[in-house]
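Spelled out from the first residue to the last, the chains are:
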Amino acid sequence: MIPKVSVIVPIYNVEHYFMRCIESLIHQSLKDIEIIFVDDESPDNCPKICDEYAKEYANIKVIHKKNQGLGMARNSGLEIATGEYVAFLDSDDFVDTAMYEALYRKAKDKDLDFVGCDFAFFKNNGKCIPVHAYQDEFVLEGDETRRIFVDMLGSPPEYRSDVVYQMSVWKAIYRRSLIEKFSIKFPSERELIAEDIVFHADFFLHTERVGYVPETFYFYCENAQSLTKTYKGNRYLREIELYRYLETAVARYEDNKRRLQRTFLGRIRVCLKDAYVSGTKEAKNTINSIINDDTVQSV
């Protein structure tokens with residue numbers, strides 16, 4: 001029997017958080033799911049934990065692979081996924097036990113290629129901060145489905161934040177047959193810094209019906225060891241490279257240029273802030289380089 005949802009979980013050095021993630025999966029109200037752990041050559045006990053759970057649960061598959069990063073790990077999971085829909089869960093986060101049943105039922109009821117939901121920031125002290133994208137549930141058809149991608153790309157000038165709907169793939173399910181038909185893959189984040197938005201740029205070109213459920217099902221957890229917490233002085237160069245790539249990639253979407261510029265400047269502001277608070281010797285040079293960069297100046 002074909003699983004209803006395949007959940008792909010890339011794993012690297014998250015032993016402290018991994019059990020919480022696993023528990024949220026094995027207790028899903030939707031029982032007919034396939035869980036795919038992709039061990040990206042994790043240096044801790046996570047590979048052993050994966051194998052132990054695979055022995056106990058028949059619906060758990062494990063891939064042990066050479067370290068190539070998050071995007072390539074997700075692609076490895078896609079290669080063996082068999083579910084009607086696929087989902088992506090980061091191994092230091094967790095999900096509500098009703099998440100995949102709620103999204104799957106919506107997808108089947110309305111024949112959707114994509115169903116998204118809301119998420120919350122989960123702090124180490126237990127505080128939960130919900131992030132709501134849209135107020136009401138909806139279904140979009142035809143070219144209107146691209147509205148979600150454009151809202152990921154950036155927001156209109158009057159909007160309160162730089163994006164309307166966060167670009168991350170972990171708060172949705174995707175029709176797997178669509179991904180396979182058009183050979184949609186993730187790039188390596190070592191080549192393009194935001195692999196999720198590139199995946200979405202390709203995916204939403206082919207959607208016919210998409211939906212959204214205004215429920216907080218995903219919990220993005222504070223992780224002091226996260227790679228995104230590490231200051232890198234040259235990050236702004238990668239942000240510029242991503243912007244130039246997306247200028248071409250999103251030309252197929254209407255209402256994209258101004259929104260792309262807004263989110264690019266928002267990401268550049270983060271680079272400036274990180275440089276300022278880093279206290280490193282090269283921070284001043286980094287800030288000057290960002291401010292005087294031709295691409296930044298042109299936007």
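Conventions adopted
- Residues numbered from 1 in each chain as written.
- Predicted model: local features only at pLDDT ≥ 70, side-chain atom pairs only at ≥ 80, totals over all residues.
- Heavy atoms only, no water.
- Helix = DSSP H or I, 4+ residues; strand = E, 2+ residues; numbered from the N terminus.
- Expected span 1.5 Å × (residues − 1).
- Contact = heavy atoms within 4.5 Å.
- Buried < 20%, exposed > 50% of the residue type's maximum accessible area, 1.4 Å probe, protein only.
- Lys, Arg positive; Asp, Glu negative; His and termini not counted.
- Salt bridge = Lys/Arg side-chain N within 4 Å of Asp/Glu carboxyl O.
- Polar contact = N/O pair within 3.5 Å; in protein donor to acceptor, adjacent residues only side chain to side chain.
- Axes fitted to C-alpha atoms, helices over the stretch in contact; angles between N-to-C directions.
- Parallel < 35°, antiparallel > 145°, perpendicular 65-115°, else oblique.
- Left-handed = near helix turned anticlockwise from the far one by under 90°.
- Nonpolar A, V, L, I, M, F, W, Y, C, P; charged D, E, K, R; others polar.
- Pairing = 2+ DSSP bridges.
- Right-handed = clockwise from strand over helix to strand, strands pointing away.
- Phe/Tyr/Trp six-rings, centres within 6.5 Å; stacked < 30°, edge-to-face > 60°.
- Lys NZ or Arg CZ within 6 Å of the ring centre and 35° of its normal.

### Some words on helix α8 (residues 235–249)
At step 1: The terminal C-alpha atoms of α8, which comprises 15 residues, lie 21 Å apart, in line with the 21 Å expected from a rise of 1.5 Å per residue.
At step 2: Considering only its buried residues, α8 is in contact with α5 (146–153), α7 (195–203), α9 (257–278), α10 (283–292) and α11 (294–298).

### Re the side chain of D93
At step 1: Relative to the helices and strands, D93 is located in the loop between β4 (85–88) and β5 (94–95).
At step 2: Despite its burial, D93 pairs with no opposite charge; the closest candidate is R20, at 5.9 Å N-O.
At step 3: A polar contact is formed between the side chain of D93 and the backbone nitrogen of C221, at a distance of 2.9 Å.
At step 4: Among all residues touching D93, those that are not within four sequence positions of it are C21, Y218, F219, Y220 and C221.

### Comments concerning the packing of helix α1 (residues 15–26) against helix α2 (residues 46–56)
At step 1: Two elements in contact, α1 and α2, have axes separated by 10 Å at closest approach and are oriented at 20°. Taken together, the axes of α1 and α2 are roughly parallel relative to one another. In terms of crossing hand, the pair formed by α1 and α2 is right-handed. Contact residues: α1 offers E15, F18, M19, I22, E23 and I26, while α2 offers C46, I49, C50 and Y53.
At step 2: Looking at the contact of α1 with α2, its residues break down into 8 nonpolar, no polar and 2 charged.

### With respect to the pairing of strand β1 (residues 5–11)
Note on strand geometry: in a regular strand, side chains alternate between the two faces of the sheet.
At step 1: Burial analysis of β1 places 7 of its 7 residues in the buried class, which makes it a mostly covered element.
At step 2: Residue alternation in β1 divides its side chains into two sets, V5, V7, V9 and I11 and S6, I8 and P10, and both sets are buried.
At step 3: In the sheet, β1 pairs with strand β2 (residues 33–39) via 7 bridges, with the strands oriented parallel. Paired with V7 across the strands is I35, a residue of β2.
At step 4: Read from β1 through α1 to β2, the crossover connection turns out right-handed.

### Some remarks on the packing of α9 against α10
Pairs of packed helices are described in terms of their axes, by the angle between the two and the distance that separates them.
At step 1: Axis separation between α9 and α10 bottoms out at 8 Å; the angle between their running directions is 160°. Relative to α10, α9 is oriented roughly antiparallel. Remark: the crossing between α9 and α10 carries left-handed chirality. Contacts from I268, C271, L272, A275, Y276 and S278 of α9 reach α10 at A283, T286, I287, I290 and I291.
At step 2: When grouped by side-chain class, the residues that make up the contact of α9 with α10 number 9 nonpolar, 2 polar and no charged.

### So, the side chain of N256
At step 1: On the secondary structure map, N256 appears in the loop between α8 and α9.
At step 2: The contact partners of N256, leaving out residues within four places of it in the chain, are L153, V250 and A251.

### Some words on the packing of aromatic side chains
At step 1: Scanning the model with the defined rule gives 27 aromatic pairs in all.
At step 2: With a centroid separation of 6.1 Å and an interplanar angle of 10°, the aromatic rings of F199 and F203 are classed as stacked. Remark: F203 and F199 occur in helix α7; sequence separation between them is 4 residues, near one turn of the helix. Summarising the burial analysis for this pair, F199 and F203 share the class buried.
At step 3: Sitting above the plane of the F186 ring, R74 keeps its charged end 5.1 Å from the centroid.

### Here we look at the environment of F264
At step 1: Inspection of the secondary structure assignment puts F264 in helix α9.
At step 2: As a C-alpha pair, F264 and I184 span 80 residues in sequence and 24 Å in three-dimensional space.
At step 3: With residues up to four places along the chain from it excluded, the contact list for F264 reads E239, I240, Y243, T295, V296 and V299.

### Some remarks on the environment of R259
At step 1: Secondary-structure assignment places R259 in helix α9.
At step 2: With relative accessibility at 11%, the residue R259 sits in the buried group.
At step 3: Beyond its immediate stretch of four places on either side in the chain, R259 contacts V150, D151, L153, G154, S155, P156 and V164.
At step 4: Of the polar contacts made by the side chain of R259, one reaches the side chain of D151; its length is 2.6 Å.
At step 5: A polar contact is formed between the side chain of R259 and the backbone oxygen of G154, at a distance of 3.3 Å.

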